[in-house]
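Letter by letter, the chains look like this.
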Amino acid sequence: MIPGAFAYHRPSSVKDAVGLLAQFGDDGRALAGGHSLIPMMKLRLATPANLVDLAGIAELKGIRADGNDVVIGAMTTQHDLMGSELLASKLPILRETSAQVADPQVRYVGTLGGNVANGDPGNDMPAVMICLGASYHVMGKNGERRLAARGFYQGAYFTALEPGDVLTAVRIPVPAAGHGYAYEKLKRKIGDYATAAAAVVLTMSGGKATSCSIGLTNVAETPLWAEEAAKILVGSTLDVATVKRAVAAAEAITAPATDARGPAAYRTKMAGVMLTRALAAAKSRARS
Ligand SMILES: Cc1cc2nc3c(=O)[nH]c(=O)nc-3n(C[C@H](O)[C@H](O)[C@H](O)COP(=O)(O)OP(=O)(O)OC[C@H]3O[C@@H](n4cnc5c(N)ncnc54)[C@H](O)[C@@H]3O)c2cc1C
């Protein structure tokens, strides 16, 4: 329960944070809310010699509209997401998801940047970002680049981030007005990670789906984009038979671990149940 020894650094700019992280290489780690990293350090699953705390960097905070996108600073907390009027009107799925992350104590401190950068398949925000077609602004020793969420996750705790990188913001294209959305999560108790969860964003016109995107949480080593399942639904009324075909296609791409949350086959089925519920909720919320 006691972490290994480490030096603590608190830069006040992204430039300085990148400089420190680039200097430390594999011996340095960014610290955001610390609600994934500190437990890992206490278990000695992570033993960074240097922690670079991002909490003193004002430019990493805030939520703003930028044309048809919403840009959220990496150090914005889950609690901040829930209180944002901009998000409530443009991206209500973020409030719905944030409310299902952990518990209020964790949400007051845990950040969006930390949640998406962590690479834990149990984190809720990555599948939502994949569903929404978000991208991540990353500052590294060679300057800034933008990485699509859909290509970012490479394995459990492996992402496209390189040593020295700081994820500075999340950029999300705002779905069409009147879109339907839902994040449905099965968990064993309040504050638990997902046994399985599904994110859905869709648009409807004349009773038929004109677009659909689906993300799945904690049913593989990475969050999943269920592209084929979504394609099956476009053009349909989301009738029972078509939803069943789409759910089968989504279940087919899962590969969950058997763990304390249940056997793999059960978790795959629960992903299907969560997706069925999310599609029904999204359809009922969509305005043509
Ligand atoms: C009891 C408990 C229950 C939880 N339940 C859930 C849950 O249901 N769903 C869920 O999604 N999460 C859950 N979490 C995790 C929580 O949401 C974390 O806050 C989140 O995973 C990480 O965010 P953080 O800001 O705490 O990041 P940290 O723990 O500080 O960092 C996590 C990792 O990301 C890296 N990192 C952080 N920020 C950046 C950045 N800007 N640039 C580059 N790298 C960065 C760090 O170096 C570290 O490797 C739970 C945590 C606890 C303690």
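Attention in this report is confined to the structure presented alongside it. What you see as residue numbers is a count from 1 along each chain, following the sequence as written. Reporting in this predicted model follows two pLDDT cut-offs: at least 70 for local features of residues, and 80 or more for side-chain atom pairs to be given and counted; totals over whole chains, interfaces and linings ignore these cut-offs and use all residues. Hydrogens and water molecules were not included; the side-chain quantities draw on all heavy atoms of the structure.

## Regarding the pairing of strand E10 (residues 166–173)
Then, in step 1: Counting buried residues in E10 gives seven out of eight residues, a clear majority hidden from the surface.
Then, in step 2: Pairs of strands are assigned from DSSP output, requiring at least two bridges between the strands. Runs of E in the DSSP output that reach at least two residues are strands. Runs of H or I that reach at least four are helices, and both are numbered from the N terminus. As paired strands, strand E5 (residues 69–73) and E10 are joined by five bridges and run antiparallel to one another. Bridge assignment links Val-71 to a residue of E10, and that residue is Arg-171. Think of it in three bands: residues with accessible area under 20% of the maximum for their type are buried, residues over 50% are exposed, and the middle band is partly exposed, with areas taken using a 1.4 Å probe on protein chains only.

## Some words on helix H10 (residues 240–252)
Then, in step 1: Here a helix's expected span is defined as the number of its residues, less one, multiplied by 1.5 Å. Compared with the 18 Å implied by 1.5 Å per residue over 13 residues, the 18 Å span of H10 between its first and last C-alpha is a close match.
Then, in step 2: Buried within H10 we find Thr-242, Val-243, Ala-246, Val-247, Ala-250 and Glu-251.
Then, in step 3: Contacts are residue-level and defined by heavy atoms, with any inter-residue pair within 4.5 Å sufficient. In this structure, the buried residues of H10 make contact with strand E13 (208–217), helix H9 (227–233) and helix H11 (264–285).

## Concerning the site of the ligand
Then, in step 1: Whether a residue is near a molecule or strand depends on its heavy atoms: if one lies within 4 Å, it is near. Near the ligand lie 30 residues; those nearest to it are Ala-30, Ser-36, Leu-37, Thr-111 and Asp-124.
Then, in step 2: Whenever a nitrogen or oxygen atom comes within 3.5 Å of another N or O atom, the pair is scored as a polar contact, on the condition that within protein one atom can donate a hydrogen and the other can accept it, and that pairs from neighbouring residues in sequence are kept only if both atoms are in side chains. Note that an oxygen atom of the ligand is positioned 3.1 Å from one of the side-chain N or O atoms of Arg-29.
Then, in step 3: Between the ligand and the protein, one listed contact pairs a nitrogen atom with a backbone N or O atom of Leu-167 at 2.8 Å.
Then, in step 4: Shrake-Rupley sampling with a 1.4 Å probe provides the accessible areas, and residues are treated as covered by the protein chains on show and by no other component. Starting from 970 Å² of accessible surface for the ligand in isolation, the protein chains cover 90%.
Then, in step 5: Cavities and pockets are found on a 1 Å grid laid over the protein atoms alone: a cavity is a set of points where a 1.4 Å probe fits but cannot escape, a pocket is an open set with protein on both sides within 12 Å along at least five of seven lines, and a lining residue has an atom within 4 Å of such a point. Should more than half of a molecule's atoms lie within 2 Å of a pocket's or cavity's grid points, that molecule is taken to sit in it. With respect to the detected pockets, the ligand is housed in the largest pocket.
Then, in step 6: Breaking the shell around the ligand down by element, the ones donating at least two residues are strand E2 (28–31), helix H7 (112–117) and E10.
Then, in step 7: Counted by class, the shell around the ligand contains 14 nonpolar, eleven polar and five charged residues. Put simply, Ala, Val, Leu, Ile, Met, Phe, Trp, Tyr, Cys and Pro go in the nonpolar bin, Asp, Glu, Lys and Arg in the charged bin, and everything else, Gly too, in the polar bin.

## Details of the layout of surface pockets
Then, in step 1: Grid points are joined across faces, edges and corners, and a volume is the space filled by probe spheres set on the points. By volume, the largest pocket amounts to about 1,200 Å³.
Then, in step 2: Around the largest pocket sit 47 residues that line it, and Arg-29, Ala-30, Gly-114, Ala-117 and Asn-118 are the ones nearest its centre.
Then, in step 3: Counting residues per element, the ones that place at least two in the lining of the largest pocket are E2, helix H2 (37–42), H7, strand E9 (158–159) and E10.
Then, in step 4: Residues belonging to the lining of the largest pocket are distributed by class as follows: 20 nonpolar, 19 polar and eight charged.
Then, in step 5: Quantified by volume, the second largest pocket comes out at close to 230 Å³.
Then, in step 6: Of all the elements in the fold, those that place two or more residues in the lining of the second largest pocket are helix H1 (14–24), strand E4 (63–66), E5, strand E6 (135–140) and E10.

## Thoughts on the nonpolar core
Then, in step 1: To form a nonpolar core, buried Ala, Val, Leu, Ile, Met, Phe, Trp, Tyr and Cys residues must be joined to one another through side-chain atoms within 4.5 Å. Counting 34 residues, the largest nonpolar core has Ile-93, Leu-94, Val-116, Met-129, Tyr-136, Val-170 and Ile-172 as the members making the most contacts within it.
Then, in step 2: Going through the elements one at a time, E5, helix H5 (92–98), H7, helix H8 (125–132), E6, E10, strand E11 (180–186) and strand E12 (196–205) are the ones with two or more residues in this core.
Then, in step 3: No other element matches the six residues that H8 contributes to this core.
Then, in step 4: Beyond its immediate sequence surroundings of up to four residues, Val-170 is in contact with Val-70, Val-71, Ile-72, Leu-112, Val-116, Met-129, Ala-134, Ser-135 and Tyr-136.
Then, in step 5: In this structure, Met-204, Val-219, Ala-226 and Ala-278 belong to the second largest nonpolar core, which totals 31 residues.

## Details of the pattern of salt bridges
Then, in step 1: Salt bridge, as used here: a side-chain nitrogen of Lys or Arg that lies within 4 Å of a carboxyl oxygen of Asp or Glu. A complete count under the given rule lists twelve salt bridges for this structure.
Then, in step 2: Residue Asp-69 pairs with Arg-171 through a salt bridge whose shortest N-O separation is 2.8 Å. Here Asp-69, found in strand E5, pairs with Arg-171, found in strand E10; they are 102 residues apart in sequence, far enough to count as distant. The burial state of Asp-69 is the same as that of Arg-171; both residues are buried.

## Describing the sheet that holds strand E14 (residues 224–225)
Then, in step 1: Within the open sheet, the four strands sit side by side as E11-E12-E13-E14. Their pairing is antiparallel. Two strands lie at the open edges of the sheet, namely E11 and E14, each paired on one side alone.
Then, in step 2: With two bridges joining them, E13 and E14 adopt antiparallel strand pairing. Bridge pairing in E14 places Leu-216 opposite Leu-224.
Then, in step 3: Axes here refer to lines fitted to C-alpha atoms; in helices the fit is confined to the stretch in contact. Angles between the N-to-C directions go from 0 to 180 degrees. Of the strands in this sheet, E11, E12 and E13 are in contact with H11, which crosses E11 at around 150 degrees.

Bear in mind that shape data such as this cannot, by itself, settle questions of function.
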